[in-house]
Amino acid sequence: MIINERENRQDRILNVALAMLNAARTAPKGRGLDFVEACIVTGEDINRLSDEMLRLFEQTGKPVFNRDGHNILQAEAIVLVGVKKSPIGLNCGFCGFPTCADKPKSAPCAFNAVDTGIAVGSAVSIAADMRVDTRVMYSIGVAAMNLKLLGDNVDLVFGIPLSCSSKNPFFDRQP
């Protein structure tokens with residue numbers, strides 16, 4: 001039997017993406033409370049994300065949405081990692097407000113932000129170990145939040161496009 005790597009690339013990417021979801025889920029979390037949400041985006045849903053990013057470029061004029069909106073079309077899959085808005089009740093003041101009760105609902109809990117970063121770092125470490133090319137993009141996360149791909153109450157979302165090609169398409173991007 002001969003297995004050509006070009007013929008099973010999508011299967012390999014999906015296996016890595018699934019392992020990345022596991023890494024995000026099992027990453028350490030503030031007070032041990034799990035508010036992480038994660039999913040894999042493929043196929044036509046990558047096109048939906050791209051379309052939303054291009055719409056955001058038209059709306060905001062921010063070039064990052066145009067550049068990244070075109071760039072993610074080279075991804076074979078995208079892992080989304082975010083956190084539900086949920087103060088963890090420490091009244092620590094890290095968010096800039098003296099207590100959790102004083103924090104406006106629009107301001108993120110600092111621990112939610114840290115949990116997102118740890119989950120993203122755990123996920124991309126799996127991709128690195130498996131030699132899959134990635135880049136963490138906040139622009140994908142903004143589009144994913146608008147499309148509610150991780151649910152209504154999820155914010156601080158980042159997207160991680162995945163590629164298994166001869167050169168990482170998510171670096172040396174054209175503006």
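Please refer to the structure placed before this passage.
Everything quoted here is computed from the prediction, not taken from an experiment.

### A look at the overall build of the chain
Logical step 1: Across its full length, the chain holds 5 helices and 4 strands.
Logical step 2: When its helices and strands are written in sequence order, the chain yields α-β-α-α-β-α-β-α-β.
Logical step 3: Its C-alpha atoms give the chain a radius of gyration of 17 Å, within 12% of the compact-globule value 16 Å for 175 residues.
Logical step 4: Along the longest, intermediate and shortest principal axes, the C-alpha atoms of the chain span 60 × 40 × 25 Å.
Logical step 5: Each of the 175 residues in the chain was classed as buried or not, and the buried ones make up 41%.
Logical step 6: Considering only intrachain contacts with a sequence separation of at least 6, the fraction spanning at least 24 residues in the chain is 73%.
Logical step 7: Only carbon and sulfur atoms are counted for the fraction: they give 54% of the accessible area of the chain, which is about 9300 Å².

### Let's talk about the environment of Gly 159
Logical step 1: Position of Gly 159 relative to the elements: it lies in strand β4 (residues 154-163).
Logical step 2: Setting aside residues no more than four positions away along its own chain, Gly 159 makes contact with Ile 78, Val 79, Leu 80, Arg 135, Val 136, Met 137, Ile 140 and Gly 141.

### A look at the layout of surface pockets
Logical step 1: Estimated volume of the largest pocket: approximately 170 Å³.
Logical step 2: Lining the largest pocket we find 13 residues, and of these Lys 85, Pro 87, Lys 103, Lys 105 and Ala 107 sit closest to its centre.
Logical step 3: Taken together, the residues of the lining of the largest pocket sort by class into 6 nonpolar, 3 polar and 4 charged.

### Structural notes on the side chain of Asp 68
Logical step 1: Residue position: Asp 68 is located in helix α3 (residues 63-71).
Logical step 2: The buried category is assigned to Asp 68, whose relative accessible area is 2%.

### Some points on empty space enclosed by the protein
Logical step 1: Summed over all chains, the structure comprises 2 cavities of 30 Å³ or more.
Logical step 2: Lining the largest cavity are 14 residues, with Asn 91, Cys 92, Cys 95, Cys 100 and Cys 109 sitting closest to its centre.
Logical step 3: When grouped by side-chain class, the residues that make up the lining of the largest cavity number 9 nonpolar, 4 polar and 1 charged.
Logical step 4: When its volume is computed, the second largest cavity comes out at roughly 40 Å³.
Logical step 5: Going through the elements one at a time, α5 (138-147) and β4 are the ones with two or more residues in the lining of the second largest cavity.

Conventions used here
Residues numbered from 1 in each chain as written. Predicted model: local features only at pLDDT ≥ 70, side-chain atom pairs only at ≥ 80, totals over all residues. Heavy atoms only, no water. Helix = DSSP H or I, 4+ residues; strand = E, 2+ residues; numbered from the N terminus. Rg over C-alpha atoms; globule rule 2.2 N^0.38 Å. Buried < 20%, exposed > 50% of the residue type's maximum accessible area, 1.4 Å probe, protein only. Contact = heavy atoms within 4.5 Å. Areas by Shrake-Rupley, 256 points an atom, 1.4 Å probe, with all protein chains shown as cover. 1 Å grid on protein atoms, 1.4 Å probe; cavity = no way out; pocket = protein on both sides within 12 Å on 5 of 7 lines; lining within 4 Å. Points joined across faces, edges and corners; volume = space filled by probe spheres on them. Nonpolar A, V, L, I, M, F, W, Y, C, P; charged D, E, K, R; others polar.

From the geometry alone we can't say anything about function, so treat these as descriptive.
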